[in-house]
Amino acid sequence: MNIQWYPGHMTKTRRMIADQIRNVDAVCEIIDARIPVSSRNPDVDELTVGKPRLVVLNRVDQADPAATKLWTAYFRSKGYAVLETDAKSGSGTAKFAVAVRTLLAEKLKAYAEKGQNRVIRVMILGIPNVGKSTFINKIAGRKTAKTEDRPGVTRSKQWVPIDAYLELLDTPGILWPKFEDQSVGMNLAFTGAVKDDILDVETLGCHLMAYLAERYPEALKVAYKLSSIPVREEEEGEEGDVAWGYRLLQAAGRKRGFLISGGEIDTERMAKILLDEFRGSKLGRFTLELPEESV
Ligand code: G4P
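Procedures and definitions
- Residue numbers run consecutively from 1 along every chain, following the written order of its sequence.
- It should be noted that, the model being predicted, local features are given only for residues of pLDDT at least 70 and side-chain atom pairs only at 80 or more, the latter also being counted only at that level, while totals for whole chains, interfaces and linings use all residues.
- Only hydrogens and water are set aside when side-chain values are computed; all heavy atoms of the structure are taken into account.
- By the criteria applied, helices consist of DSSP H or I runs no shorter than four residues and strands consist of E runs no shorter than two, each listed in order from the N terminus.
- Note on exposure labels: buried denotes an accessible area under 20% of the residue type's maximum, exposed denotes more than 50%, and partly exposed covers the range between, all computed with a 1.4 Å probe on protein chains only.
- All accessible areas in this document rest on Shrake-Rupley with a 1.4 Å probe, and a residue is counted as covered only by the protein chains that are shown.
- Lines fitted to C-alpha atoms define the axes here, with helix axes fitted over just the stretch in contact, and angles between the N-to-C directions of these axes take values from 0 to 180 degrees.
- Every angle not falling under 35 degrees, over 145, or within 65 to 115 is termed oblique; those three ranges are roughly parallel, roughly antiparallel and roughly perpendicular.
- A crossing counts as left-handed when the near helix is turned anticlockwise from the far one by less than a right angle, and as right-handed when that turn is clockwise.
- Note on definitions: a residue-residue contact is assigned when non-hydrogen atoms from the two residues lie within 4.5 Å.
- Each pair of aromatic rings taken from Phe, Tyr and Trp, with Trp reduced to its six-membered ring, is defined by centres within 6.5 Å and is described as stacked if the planes are under 30 degrees apart, edge-to-face if over 60, and tilted in the remaining cases.
- Note on geometry: a ring has a charge over it if NZ (lysine) or CZ (arginine) is within 6 Å of the ring centre and within 35 degrees of the ring normal.
- For two strands to be treated as a pair, DSSP must find at least two bridges joining them.
- Nearness of a residue to a molecule or strand requires only that one of the residue's heavy atoms be within 4 Å of it.
- Identification of polar contacts relies on pairs of N or O atoms within 3.5 Å, with a donor-acceptor requirement for protein atoms, meaning one able to donate a hydrogen and the other able to accept it, and with residues adjacent in sequence counted only if both atoms are side-chain atoms.
- Throughout this entry, Asp, Glu, Lys and Arg are counted as charged residues, while Ala, Val, Leu, Ile, Met, Phe, Trp, Tyr, Cys and Pro are counted as nonpolar. The remaining residues, Gly among them, count as polar.
- By this rule the span expected of a helix is its residue count minus one, scaled by 1.5 Å.
- When we speak of the arc, we mean the arc of directions from the helix axis to the C-beta atoms.

Some details on the overall build of the protein
Moving on, step 1. The number of helices and strands found in the protein is 11 helices and 8 strands.
Moving on, step 2. Scored against the burial criterion, the 295 residues of the protein give a buried share of 50%.
Moving on, step 3. As displayed, the protein offers around 14,300 Å² of accessible surface, 50% of which is attributable to carbon and sulfur atoms.

As for the packing of helix 8 (residues 201–215) against helix 11 (residues 267–279)
Moving on, step 1. At a minimum axis separation of 8 Å, helix 8 and helix 11 run at an interaxial angle of 60 degrees. Looking at the two axes, helix 8 sits oblique to helix 11. Between helix 8 and helix 11 the crossing geometry is left-handed. Facing helix 8, whose interface residues are Val201, Glu202, Leu204, Gly205, Leu208, Met209 and Leu212, helix 11 presents Thr267, Glu268, Ala271, Lys272, Leu274, Leu275 and Phe278.

Thoughts on the packing of aromatic side chains
Moving on, step 1. Tallying each qualifying case throughout the model produces 7 aromatic pairs.
Moving on, step 2. Grouping aromatic residues by their ring pairs yields a cluster made of Trp71, Tyr74, Phe75 and Tyr80.
Moving on, step 3. A cation sits over an aromatic face here: Arg215 above Tyr216, 4.9 Å from the ring centre.
Moving on, step 4. Over the ring of Phe258 we find Arg269, and its NZ or CZ is 4.0 Å from the ring centre.

Some points on unusual backbone geometry
Moving on, step 1. Backbone geometry places Arg59, a non-glycine residue, at a positive phi of 65 degrees.
Moving on, step 2. As for its placement among the helices and strands, Arg59 is situated in the loop between strand 2 (53–58) and helix 3 (65–77).

Observations regarding the side chain of Thr48
Moving on, step 1. Mapped onto the secondary structure, Thr48 falls in the loop between helix 2 (43–47) and strand 2.
Moving on, step 2. Here Thr48 is in contact with Ile17, Ile21, Val27, Arg53 and Leu125, once residues within four sequence places are set aside.

Remarks on the sheet that holds strand 1 (residues 26–32)
Moving on, step 1. Taking strand neighbours across the sheet as the criterion, the 6 strands line up as 3-2-1-4-6-5 in an open arrangement whose pairing is mixed. The sheet is open, and its two edges are formed by strand 3 (81–84) and strand 5 (158–163), each paired on a single side. Neighbour to neighbour, the strand axes of the sheet diverge by 25 degrees on average, direction disregarded.
Moving on, step 2. Strand direction decides the pairing type here: strand 1 and strand 4 (residues 120–125), joined by 4 bridges, are parallel.

Some details on the environment of Leu54
Moving on, step 1. Here Leu54 lies in strand 2.
Moving on, step 2. Separated by 25 residues in sequence, Leu54 and Glu29 have C-alpha atoms that sit 6.3 Å apart.
Moving on, step 3. If sequence neighbours within four positions are ignored, Leu54 has contacts with Val27, Cys28, Glu29, Ala81, Val82, Leu83, Phe96, Ala99, Val100 and Leu103.

A few points about the site of the ligand
Moving on, step 1. Near the ligand you find 17 residues, and of these Arg59, Asp61, Lys132, Ser133 and Thr134 are the closest.
Moving on, step 2. Between the ligand and Ser133, the relevant distance is 2.6 Å, taken from an oxygen atom to a side-chain nitrogen or oxygen of the residue.
Moving on, step 3. Considering the ligand on its own, with 700 Å² of exposed area, one finds that the protein chains cover 69% of that surface.
Moving on, step 4. The element that contributes the greatest number of residues to the shell around the ligand is helix 6 (residues 132–140), accounting for 3 residues.
Moving on, step 5. The residue inventory of the shell around the ligand, partitioned by class, reads 5 nonpolar, 6 polar and 6 charged.

Concerning helix 3
Owing to its 3.6 residues per turn, the α-helix aligns residues three or four sequence positions apart on the same side.
Moving on, step 1. The end-to-end C-alpha separation of helix 3 is 18 Å, in line with the 18 Å expected for 13 residues at 1.5 Å each.
Moving on, step 2. Buried within helix 3 we find Ala67, Thr68, Trp71, Thr72 and Phe75. Along the axis of helix 3, the buried residues cluster in a sector spanning 140 degrees; they form a single face. For helix 3, the exposed residues set more than 90 degrees away from the buried face come down to Ala66, Lys69 and Ser77.
Moving on, step 3. The secondary structure elements touched by the buried residues of helix 3 are strand 1, strand 2 and strand 3.
Moving on, step 4. The opening residue of helix 3, the one whose side-chain oxygen lies 3.0 Å from the backbone nitrogen of Ala66, is Asp64.
Moving on, step 5. One or two positions beyond helix 3, positive phi appears at Gly79, with a value near 95 degrees.

Brief notes about the packing of helix 10 (residues 238–256) against helix 11
Moving on, step 1. One way to put it is that helix 10 packs onto helix 11 with a least axis distance of 9 Å and a crossing angle of 90 degrees. On the basis of the axis angle, helix 10 is roughly perpendicular to helix 11. Along its contact with helix 10, which presents Tyr246, Leu249, Gln250, Ala252, Gly253 and Arg256, the element helix 11 presents Thr267, Met270, Ala271, Ile273, Leu274 and Glu277.
Moving on, step 2. When grouped by side-chain class, the residues that make up the contact of helix 10 with helix 11 number 7 nonpolar, 3 polar and 2 charged.

Regarding the pairing of strand 1
Moving on, step 1. When you tally the buried positions in strand 1, you get 7 out of 7 residues, the bulk of the element.
Moving on, step 2. Residues Ala26, Cys28, Ile30 and Asp32 of strand 1 are buried on one face, and the alternating residues Val27, Glu29 and Ile31, pointing to the opposite face, are buried as well.
Moving on, step 3. Across 6 bridges, strand 1 lies against strand 2 in parallel orientation. From the neighbouring strand, Glu29 faces strand 2, where its bridge partner is Val55.

Here it is as structure tokens:
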């Protein structure tokens with residue numbers, strides 16, 4: 001699902017969260033383990049202040065396992081409960097109910113002491129494409145309505161029973177990412193959460209190549225059968241990334257035989273292939289953002 005930017009919708013979603021927050025015991029935010037910063041909306045912290053929080057790092061099957069470990073430790077250190085999942089296969093999702101009960105242990109103990117057996121309610125939040133619907137379907141063990149991301153579509157709030165004591169509030173409305181800087185938009189484009197037209201495909205491909213060559217050179221060499229990664233001669237920063245990334249696209253395109261007339265390499269085609277293969281996890285497991293403390 002692609003995100004399209006409709007200003008004003010975040011306002012609606014904010015209002016909905018503010019209205020509903022008092023009806024839930026905890027808030028579960030689903031994020032994409034490949035881009036744990038860019039796939040969050042930082043406003044959620046302020047909107048859910050005071051509520052116990054669970055972060056679900058979804059798509060761990062596509063993310064770098066070492067980086068996922070760092071992110072889990074990072075979120076735990078900030079006081080969140082953390083669950084690592086691959087909602088597509090269902091791996092990790094069975095631990096959700098236990099994670100929620102552990103998070104709310106004190107509250108549940110207090111209920112038990114009063115002889116009450118209350119249903120726990122958890123608000124589920126997540127920007128499009130993190131795997132929210134897949135996750136909910138997995139833990140609910142059935143198909144629920146798909147999130148609508150079209151403007152003007154209002155959904156009523158949706159309670160999804162998990163078991164006799166646990167219910168989810170699947171948030172109506174869309175939680176938007178926050179395009180605070182270009183890197184957020186780019187990361188969302190790399191993972192396919194936003195349409196490619198945020199930047200031209202070739203420039204996106206250059207940036208992705210530069211990142212992968214920097215962080216995952218071995219995987220890149222294997223994926224595109226490169227005997228070596230062209231050494232970076234360009235300066236640090238965006239322009240340097242694009243120039244280096246362009247040389248990498250040329251090297252990979254040459255290997256793939258993507259030629260256009262005059263013997264030139266079709267770098268645009270190579271960029272499209274790179275993005276497709278990255279999104280389809282054909283190149284390996286990569287994480288594009290690391291916790292600040294570990295960089
Ligand atoms: P959303 O509600 O947050 O917008 O996301 P949704 O669940 O619709 O998931 C978007 C796509 O991501 C789906 O693929 C889904 O299968 C896939 N997905 C969700 N979670 C995971 C995960 O943990 N790992 C992997 N590898 N993929 C995941 P699709 O191609 O749109 O549909 P489908 O053909 O897979 O059904």
